[in-house]
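Here is what each chain is made of, one letter per residue.
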Amino acid sequence: MSRPGHIYLDYNATAPVRPGVAEAVAAALAEGGNPSSVHAAGRAARRRVEDAREAVARLAGADPAGVVFTSGGTEANALALRGTGRPRALVSAVEHDSVLAARTDATAIPVDGEGCLDLEALRRLLGADGSDAVVSVMLANNETGVIQPVAEAAAIAHEAGALVHVDAVQAAGRLPLDRAAAGADMLTLSAHKLGGPMGTGALVLGPGLEIAALVAGGGQERRRRAGTENVPGIAGFGVAAALAEADLAEDGRIAGLRDRLEGLLVAYAPDATIFGRSVARIANTTCIAMPGVASETQVMALDLAGFAVSAGAACSSGKVGASHVLAAMGVAAPLAGAAIRISLGRATTGEEIERFAEAWRSLYDRTRTRAA
Ligand code: PLP
């Protein structure tokens, strides 16, 4: 990530590793040992896994016994949506692709023009008896940063007897997390969004909730996820989770930078649109459209100018498809196709924001001149 001369503004895609994470990964690799082995090497590996489990549980405000380590947020979402065996799934229309793809039979819960969940629609779609259903609502959206009324949605779902899953991948380290207060029977985390290693995550379960493993094999993770644990990844996740709490203290500073950035861009380009600007968002995320200029053109031009940002929906494949998030918010396709996501983080400075605004304005001017 430390590409000389480049400014990284794509923290929602992945965050630079925290100090101590690479060292913890390297130490676990060097030490080796299978956590299921009873000898000393195995017990040392087990200790690393259990220490990390405690750190992740603390981050989620949860009991360590409920933490199931997975290969990332994608697998945790699949485990949550499929593992409960509930025949009906209701998921917000703006969920990450990993939720939408986990249950292609799911009913979409609509959102309003700002991207906030329609709670009345949830109530209606669930019906009086939701005991056959699992409901999935993310805490913060990866493209717009919009924060969902998760506790309210969970109260409605629980009243009808449904189980609740919350994808907190983009919220961790950016909002205080408390599994029970959020009403989450299941909560998803991903290490690399917190400055941990890629390919590691967790599904955090409430007490007493049992789920069926997606793959059969050994009895690891209390039979909820077979396969030898990714000890180095989990050890790095533990370090990142322990440090994430401190990130909350950075929130005010990052929100100030984000507001400054949005102010600069909109003052210069009155036709620019910022999505979800009038509702609660996590502090680091801006999704902004430069009308008439395709998202991928902007991303490439800004890359050439030395800035890493992304085209809202493109974080998984590098290819840019239409954003289902903006479509669900009722944004017309041409405007949605002109949106980029800028996501800030711990290392972002005021100077970087000024330089980015300058590059964005220069691109804006070039494209207007051409259009004229
Ligand atoms: N959920 C959300 C909201 C995300 O933003 C992402 C990653 O972009 C994921 C899930 C998937 O996490 P992972 O990359 O660990 O599979």
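Scroll up a little and you will see the structure.
Predicted model only: the values in this text are computed from it and were never measured.

**With respect to the overall build of the chain**
The number of helices and strands found in the chain is 13 helices and twelve strands. For a compact globule of 372 residues, the expected C-alpha radius of gyration is about 21 Å, and the chain comes in at 21 Å, within 12% of that figure. Judged by the C-alpha coordinates and their principal axes, the chain covers about 70 × 55 × 35 Å. In the chain, which comprises 372 residues, the proportion classed as buried is 55%.

**Observations regarding the pattern of salt bridges**
Across all of its chains, the model carries 21 salt bridges by this definition. For Arg 88, the salt bridge identified is with Asp 132, shortest N-O distance 3.1 Å. Within this pair, whereas Arg 88 is found in strand β3 (residues 88–92), its partner Asp 132 is found in the loop between α5 (119–126) and β5 (133–136), the two being separated by 44 residues in sequence. For Arg 88, a relative accessible area of 26% gives the class partly exposed. One salt bridge connects Glu 262 with Arg 281, and the closest N-O pair in it is separated by 2.8 Å. Separated by 19 residues along the polypeptide, Glu 262 in helix α9 (residues 251–268) and Arg 281 in the loop between β9 (273–274) and β10 (285–289) bring together distant segments of the chain. Here Glu 262 falls in the buried class, since its relative accessible area comes to 2%.

**Description of the site of the ligand**
What surrounds the ligand is a group of 14 residues, the closest being Gly 73, Thr 74, Asp 167, Ser 190 and Lys 193. Interatomic distance of 2.8 Å between a backbone N/O atom of Gly 73 and an oxygen atom of the ligand. In isolation the ligand exposes 390 Å². Once the protein is present, 89% of that is buried. Looking at the shell around the ligand residue by residue, the classes come out as two nonpolar, ten polar and two charged.

**Quick look at the pairing of strand β8 (residues 201–205)**
Among the five residues of β8, five are classified as buried, and the element is accordingly described as predominantly covered. Where burial is concerned, the two faces of β8 agree: the one with Gly 201, Leu 203 and Leu 205 and the one with Ala 202 and Val 204 are both buried. Of the strand pairs in this sheet, strand β2 (residues 67–70) and β8 are connected by four bridges, and their pairing is antiparallel. Bridge pairing in β8 links Thr 70 to Gly 201.

**Brief notes about the nonpolar core**
In terms of nonpolar packing, the biggest core is built from 55 residues, with Phe 69, Leu 122, Leu 126, Val 135 and Leu 189 touching the most fellow members. Among the elements that line this core, the one with the most residues is helix α2 (residues 40–60), at eight residues.

**Digging into the environment of Val 166**
Within the secondary structure layout, Val 166 lies in strand β6 (residues 163–167). When the C-alpha positions of Val 166 and Leu 117 are compared, they lie 13 Å apart, and in sequence the two are 49 residues distant. Val 166 has contacts with Val 137, Leu 139, Val 150, Ala 184, Met 186, Leu 187 and Thr 188, leaving out every residue within four places of it along the chain.

**Some points on the packing of helix α1 (residues 21–31) against helix α8 (residues 231–247)**
Describing two packed helices takes the angle between their axes plus the distance from one axis to the other. At a closest axis distance of 8 Å, the pairing of α1 and α8 adopts a crossing angle of 150°. Of the possible angle classes, the one that applies to α1 and α8 is roughly antiparallel. In this structure, α1 crosses over α8, and the sense of that crossing is right-handed. For the pair formed by α1 and α8, the contact residues are Val 21, Ala 24, Val 25, Ala 28 and Leu 29 on the first element and Val 231, Pro 232, Ala 235, Gly 236, Val 239 and Ala 240 on the second.

**Points about the packing of aromatic side chains**
What the rule picks out here adds up to five aromatic pairs. On the numbers, 6.1 Å between centres and 70° between planes, the contact of Tyr 268 with Tyr 364 is edge-to-face. On the criterion of sequence distance, the pair formed by Tyr 268 in helix α9 and Tyr 364 in helix α13 (residues 350–371) is long-range, its members being 96 residues apart. Judged by its relative accessible area of 37%, Tyr 268 is partly exposed. The class for Tyr 364 is buried, based on a relative accessible area of 9%. Ring geometry for Phe 307 against Phe 356: centres 5.4 Å apart, planes inclined by 80°, an arrangement best described as edge-to-face. With Phe 307 in strand β11 (residues 307–308) and Phe 356 in helix α13, this pair connects stretches of sequence that are 49 residues apart. Just as Phe 307 is buried, Phe 356 falls in that class too. Three or more aromatic residues link up through ring pairs in this structure, and these residues are Tyr 268, Trp 360 and Tyr 364. Across the ring face of Tyr 268, the terminal group of Arg 361 is positioned such that the distance to the ring centre comes to 5.6 Å.

Reading the values: rules and limits
Per chain, the residues get numbers from 1 upward, laid out in the order the sequence is written. Per-residue local features of the predicted model are confined to residues with pLDDT of at least 70, and side-chain atom pairs are confined, for both listing and counting, to 80 or more; whole-chain, interface and lining totals are unaffected and use all residues. The side-chain numbers reported here are obtained from all heavy atoms of the structure, hydrogens and water having been left aside. Where helices and strands are cited, they refer to DSSP runs of H or I of at least four residues and of E of at least two residues respectively, numbered from the N terminus. We compute the radius of gyration from the C-alpha atoms alone; for a globule the expected value is 2.2 Å times N to the 0.38, where N is the number of residues. For every residue, the accessible area obtained with a 1.4 Å probe (protein chains only) is divided by the maximum for its type, and the residue is called buried under 20%, exposed over 50%, and partly exposed between those limits. Note on definitions: salt bridges are taken to be side-chain nitrogens of Lys or Arg within 4 Å of carboxyl oxygens of Asp or Glu. Nearness is judged by heavy atoms alone; a residue qualifies as near a molecule or strand once a single heavy atom is within 4 Å of it. In protein, a polar contact means a hydrogen-donor-capable atom and an acceptor-capable atom, both N or O and within 3.5 Å, with residues adjacent in sequence counting only if both atoms are side-chain atoms; elsewhere, any N or O pair within 3.5 Å suffices. Residue burial considers only the protein chains on display, and all accessible areas are found by Shrake-Rupley using a 1.4 Å probe. Each residue is assigned to one class: nonpolar for Ala, Val, Leu, Ile, Met, Phe, Trp, Tyr, Cys and Pro, charged for Asp, Glu, Lys and Arg, and polar for all the others, Gly among them. Two strands make a pair as long as DSSP finds a minimum of two bridges between them. Among buried residues, the Ala, Val, Leu, Ile, Met, Phe, Trp, Tyr and Cys ones that are joined through side-chain atoms within 4.5 Å form a nonpolar core. By the convention used here, residues are in contact when the closest approach between their heavy atoms is within 4.5 Å. Here the axes come from fitting lines to C-alpha atoms, over the contacting stretch only for helices, and the angles between their N-to-C directions go from 0 to 180 degrees. If an angle is under 35 degrees, it is roughly parallel; if it is over 145, roughly antiparallel; if it lies from 65 to 115, roughly perpendicular; otherwise it is oblique. Left-handed describes a crossing whose near helix is turned anticlockwise from the far helix by less than a right angle; the clockwise case is right-handed. In this analysis, rings of Phe, Tyr and Trp, with Trp reduced to its six-membered ring, are considered paired at centre separations within 6.5 Å, and the interplanar angle assigns stacked below 30 degrees, edge-to-face beyond 60, and tilted for intermediate values. Put simply, a charge is over a ring when the Lys NZ or the Arg CZ is close to the ring centre, within 6 Å, and near the line of the ring normal, within 35 degrees.

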